[in-house]
Amino acid sequence: MQPTRLVRTLTFWLRPAFALRVVSRFQRIIGFDRAIALASSAFTTLLPVALLVASVLSRLGRQDVADRIVNRYGLTGGGADAVRSLFSFPDGPGVSLGFFGVIFLVVSSLSFARAAQRLYEQTWELTPLSVRNSLNGLLWLLAVVVYAVAVGWLHALFGGGRLQFAATACQVPLTAALLIWGGWILTARRCPWPHLVPFGIIGALFSALYAMGSAVYLPRVFSSYGTRYGALGAVFAMITALFGAMLTFVGSAALGREVNDELGRIARHEAPPDDEIRQEWATIRRQTMAHWQTAREDLARRRQARAAKHG
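Note that this is a predicted model, so its numbers are computed, not measured. Counting restarts for each chain: residues are numbered from 1 in the order of the written sequence. Since the coordinates come from a predicted model, pLDDT governs what is reported: local features require at least 70, and pairs of side-chain atoms require 80 or more to be given and counted, while whole-chain, interface and lining totals use all residues. Where side-chain values are given, they derive from all heavy atoms of the structure, hydrogens and water being excluded.

Overview of the packing of aromatic side chains
We call Phe, Tyr and Trp rings a pair once their centres come within 6.5 Å, taking the six-membered ring for Trp, and we label the pair stacked below 30 degrees between planes, edge-to-face above 60, and tilted otherwise. As enumerated under the stated definition, the model contains eight aromatic pairs in all. Ring geometry for Tyr120 and Phe249: centres 6.1 Å apart, planes at 70°, overall edge-to-face. Placement of the pair is Tyr120 in helix 6 (residues 99–123) and Phe249 in helix 10 (residues 231–267), with a sequence separation of 129 residues. The same class applies to Tyr120 as to Phe249, namely buried. Centroid distance Trp124 to Phe199: 5.9 Å. Interplanar angle 65°. Geometry classified as edge-to-face. On the criterion of sequence distance, the pair formed by Trp124 in the loop between helix 6 and helix 7 (134–158) and Phe199 in helix 9 (residues 197–229) is long-range, its members being 75 residues apart. Residues Trp124 and Phe199 agree in their burial class; the two are buried. Each helix is a run of H or I in the DSSP string that is no shorter than four residues. Each strand is a run of E no shorter than two, and both are numbered from the N terminus. The classification of residues rests on relative accessible area computed with a 1.4 Å probe and restricted to protein chains. Under 20% of the type maximum is buried, over 50% is exposed, and intermediate values are partly exposed.

Here it is in structure tokens:
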């Protein structure tokens, strides 16, 4: 792509009117509250599953979940000790959840699926289905498990270095496919999958960036919280990581919906003309220069006042 065309493309997608629509969409779906709800549901689902997997791997004599987390993020000191303490089994590993444990795991898993379902329904303005869509929620959860296994296999095969760039790059198409198919199935096929493609691509790219960023940031969080609070600190760090991931998920949904709508307007020849886009940016530049000039004049007046006071 030529530099001039690249600048025009970026100017089009980053223009003020489009950015305001994305922010408005994020506010309408109550983005931060939705991310917190998703992170909470994910935590109550993932922690029991992680403990169960840790128990199974311990019985098989393989590397357990704690060691995988420690090696993945290069944890040392208090952070590594907190993670190992959280997934330890003082009385030996066991694989039995019990009746109430199974019920809790199923209910919490369906709650997580419904939280994701509500995000899709709110973003694409669909009538809520709630528990009537539970079967599709179970299918989505099964796909999430398969996705998690595939991602783990990719990191085991291609993982190298803290950022694990090769494994993360291979993960992008899998993430995009899960987001697109997940939106289609969780909306009970009411949202056509082509409308979800921009969200899937954007969400996959942002998730990859978040994964590489968290590989740098999370070890500090685990070490800080683990040193202060022990195993409870590992819980706090996991919640922090999940909130960041879900905020990326929610933000990508809002952006993807607006990109899809904008592409539809372009296909219908309803896109704003170039002069309108230039006028928007010209207005922003004028306002910025005016604020900058006002700030400079205010700073000059303050300096003169201080000089007169001390003179």
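Focus: the confidence of the model for the protein chain
In low-pLDDT segments, the atomic positions of the prediction should not be examined closely. Per-chain confidence: the protein chain averages 82 in pLDDT, with 85% of residues scoring 70 or above. Averaged pLDDT values for the elements of the protein chain fall to 71 in helix 1 (residues 3–13) and rise to 92 in helix 8 (residues 165–186). Here pLDDT means the predictor's own confidence in every residue, given as a number from 0 to 100.

As for the side chain of Thr175
Here Thr175 is to be found in helix 8. Pairs of N or O atoms are called polar contacts if they sit within 3.5 Å, as long as, within protein, a hydrogen donor faces a hydrogen acceptor (for residues adjacent in sequence, only side-chain-to-side-chain pairs). In this structure the side chain of Thr175 is engaged in a polar contact, spanning 2.7 Å, whose partner is the side chain of Tyr147. Contacts were defined at the residue level, with two residues in contact if any of their heavy atoms lie within 4.5 Å. Here Thr175 is in contact with Tyr147, Ala204 and Ser207, once residues within four sequence places are set aside.

Section: the environment of Val250
Along the polypeptide, Val250 turns up in helix 10. Separated by 224 residues in the primary sequence, Val250 and Phe26 place their C-alpha atoms 7.8 Å from one another. Residues in contact with Val250, not counting those within four places in the same chain, are Phe26, Ile29, Gly31, Arg34, Ala35, Leu38 and Leu119.

Looking at a nonpolar patch on the surface
Residues enter patches when they are more than 30% accessible in relative terms and free of salt bridges; like-charged ones are connected within 9 Å and nonpolar ones (Val, Leu, Ile, Met, Phe, Trp, Tyr) within 5 Å. For every accessible area listed, the method is Shrake-Rupley and the probe measures 1.4 Å; residues are considered covered only by the protein chains on display. Should a side-chain nitrogen of Lys or Arg be within 4 Å of a carboxyl oxygen of Asp or Glu, the pair is scored as a salt bridge. Together, Leu135, Leu138, Leu139 and Trp181 make up an exposed nonpolar region whose accessible area comes to about 380 Å². It is helix 7 that provides the largest number of residues to the nonpolar patch, a total of three residues. Within the element layout of this structure, Leu135 appears in helix 7. A relative accessible area of 62% places Leu135 in the exposed class.

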